[in-house]
Amino acid sequence: MRLSSLAPVMLAVATLWSGAAVAQETSVPFGGLKHDSTLPVEITSDALQIDQGAGTAIFTGTVKVGQGTLRLAADRVEVFYRGEAAGAGRATGGGATGQIERLKASGNVTLSNGTEAAEGKTATYEVATGIVEMEGDVLLTQGKNALSSQTLRIDLNAGTGILKGRVQTIFTPAKSK
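Quick summary incoming for the structure in this document. (Residues numbered from 1 in each chain as written. Predicted model: local features only at pLDDT ≥ 70, side-chain atom pairs only at ≥ 80, totals over all residues. Heavy atoms only, no water.)

## Thoughts on the environment of V138
Here is step 1 of the chain: Relative to the assigned elements, V138 resides in strand β8 (residues 131-142).
Here is step 2 of the chain: We classify V138 as buried; its relative accessible area is 1%.
Here is step 3 of the chain: The sequence separation of V138 and S148 amounts to 10 residues, and the corresponding C-alpha distance is 5.5 Å.
Here is step 4 of the chain: The contacts of V138, once residues within four sequence positions are left out, are E119, G120, L147, S148, S149, Q150, T151 and L152. (Helix = DSSP H or I, 4+ residues; strand = E, 2+ residues; numbered from the N terminus. Buried < 20%, exposed > 50% of the residue type's maximum accessible area, 1.4 Å probe, protein only. Contact = heavy atoms within 4.5 Å.)

Spelled out as structure tokens, the structure:
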């Protein structure tokens, strides 16, 4: 292949690269499979602190959360339980903790769903809506492609994500035969 035939390709890549680096918001697909937020949430950690009156549980240490194919890992995950059900266990003397409303993760947060993974400083997962908000030097990898920004909002039900705040992308083109 002659160098002159590569010029249009190089120009297109340079244009894509420069445009992506200065973009303030970028939409991306997230998750090849639909996520089912009604599946059970499984959490493991080194320690657990429960406040039934406040409807919270704080998991610390090496925290790992799983729900279907969705995986989340962090140093700390605070779980908030839904309204009246949260205090029900304390009021009745039983052990009920209610349904999980949201999770707030902090410290070395990683979220993955199949071949995609996102890293950030914090993440909030609203379980009922399937919305995940990540903040702080977010890095999203999709196969060999990487995108970075300050925030990432993922809609797990729609399988989409929006990156905002000094978005930078690195796309690896497919090899031609």
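## Looking at the side chain of E116
Here is step 1 of the chain: Relative to the elements of secondary structure, E116 occurs in strand β7 (residues 116-126).
Here is step 2 of the chain: When its relative accessible area of 10% is taken as the criterion, E116 is described as buried.
Here is step 3 of the chain: At a separation of 3.0 Å, a polar atom in the side chain of E116 contacts the side chain of Q142. (Polar contact = N/O pair within 3.5 Å; in protein donor to acceptor, adjacent residues only side chain to side chain.)

## Some words on the environment of Q49
Here is step 1 of the chain: Within the secondary structure, Q49 is located in strand β3 (residues 47-51).
Here is step 2 of the chain: Overall, Q49 belongs to the exposed group, its relative accessible area being 55%.
Here is step 3 of the chain: Each C-alpha atom of the pair Q49 and T60 lies 8.4 Å from the other, and the pair is 11 residues apart in sequence.
Here is step 4 of the chain: In contact with Q49, other than residues within four places in its own chain, are T56, A57 and I58.

## Details of the pattern of salt bridges
Here is step 1 of the chain: Per the stated rule, a full pass over the model turns up 4 salt bridges.
Here is step 2 of the chain: The partner of E78 in a salt bridge is R76, with the nearest N and O atoms 3.6 Å apart.
Here is step 3 of the chain: Classification of E78 as buried rests on a relative accessible area of 17%.
Here is step 4 of the chain: Residue R76 is classed as partly exposed on the basis of its relative accessible area of 31%.
Here is step 5 of the chain: Linking D137 and K121 is a salt bridge whose minimum nitrogen-to-oxygen distance equals 3.3 Å. Taken as a pair, D137 in strand β8 and K121 in strand β7 lie far apart in primary sequence, 16 residues in all.
Here is step 6 of the chain: Taking the relative accessible area as the measure of exposure, D137 reaches 47% and is therefore partly exposed. (Salt bridge = Lys/Arg side-chain N within 4 Å of Asp/Glu carboxyl O.)

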